[in-house]
Amino acid sequence: MKPLPLKEASPGGHASATDEGADTDAGVGAGEGAFADVGHWTPALSRSVMLRHDRVRGTDLLLMPERVVVLRGGAGAILRLCDGRHEVAAIVAELAERFPGASVATEVPEFLGRMREEGWIR
């Protein structure tokens, strides 16, 4: 599994030239303390956030009031498991089974920590 980059799009759903700089990779530039408490956490999407698949673009999107975030890589697969019932360890185990050989044990908790910092999951 590759790093899980995100690209924020304008409210109309099209990424502008200035949005290109909004790409981030899971774990890049993030402090260790942000992810230390994910052990028994059962992440779920925040109330104002919806996960949708855009069939035209062939990508997953996070839809929020006045904001759209384009998900790339395995980000959509991870967030689909964030239903408030699966602990982070169960999400990591499920993804490790789906993507053998990927470094999900470190990347997934870091990604989820970043999503929680953004307020997109709780």
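Quick caveat: nothing in here was measured; it's all calculated off a predicted structure. (Residues numbered from 1 in each chain as written. Predicted model: local features only at pLDDT ≥ 70, side-chain atom pairs only at ≥ 80, totals over all residues. Heavy atoms only, no water.)

Examining the overall build of the chain
Within the chain, the regular secondary structure consists of three helices and four strands. Beginning at the N terminus, the succession of helices and strands in the chain can be written as β-β-β-β-α-α-α. Out of the 122 residues in the chain, the part that is buried amounts to 42%. Sequence separation of at least 24 residues holds for 59% of the intrachain contacts in the chain that already meet a minimum separation of 6. Counting every atom, the chain has about 6700 Å² of accessible surface; 52% of that belongs to carbon and sulfur. (Helix = DSSP H or I, 4+ residues; strand = E, 2+ residues; numbered from the N terminus. Buried < 20%, exposed > 50% of the residue type's maximum accessible area, 1.4 Å probe, protein only. Contact = heavy atoms within 4.5 Å. Areas by Shrake-Rupley, 256 points an atom, 1.4 Å probe, with all protein chains shown as cover.)

Thoughts on the pairing of strand β4 (residues 67-71)
Across the five residues that make up β4, a large majority, four, are buried. The sheet contact formed by strand β3 (residues 59-64) and β4 spans five bridges and is antiparallel. Each residue of the ladder has a partner; that of D60, found in β4, is L71. Here β3 folds back onto β4, and the loop between the two strands holds two residues, one of which, E66, carries a positive phi near 60°. (Pairing = 2+ DSSP bridges.)

What about the environment of R80?
For R80, the location among the structural elements is in helix α1 (residues 75-80). Taking the C-alpha atoms as reference points, R80 and I91, 11 residues apart in sequence, are found 9.7 Å from one another. Not counting chain neighbours up to four residues away, the residues in contact with R80 comprise L51, H53 and D60.

Focus on the environment of P43
Structurally, the position occupied by P43 is in the loop between β1 (6-9) and β2 (50-54). Residue classification places P43 among the buried residues on the basis of a relative accessible area of 0%. Expressed as a C-alpha distance, the spacing of P43 and C82, which sit 39 residues apart in the sequence, is 5.1 Å. Aside from chain neighbours lying at most four places away, what touches P43 is C82, D83, G84, H86, V88, I91, L112, I121 and R122.

Some details on the confidence of the model for the chain
Overall, the prediction assigns the chain a mean pLDDT of 77, with 68% of residues at 70 or greater. Across residues 10-36, confidence stays below pLDDT 50; counting only partners more than four residues off in sequence or on other chains, it has 44 contacts. (pLDDT = per-residue confidence, 0-100.)

Side note on the packing of aromatic side chains
The tally for this structure, following the rule as stated, stands at zero aromatic pairs. One cation-aromatic arrangement involves R116 over W41; the distance from NZ or CZ to the ring centre is 4.0 Å. (Phe/Tyr/Trp six-rings, centres within 6.5 Å; stacked < 30°, edge-to-face > 60°. Lys NZ or Arg CZ within 6 Å of the ring centre and 35° of its normal.)

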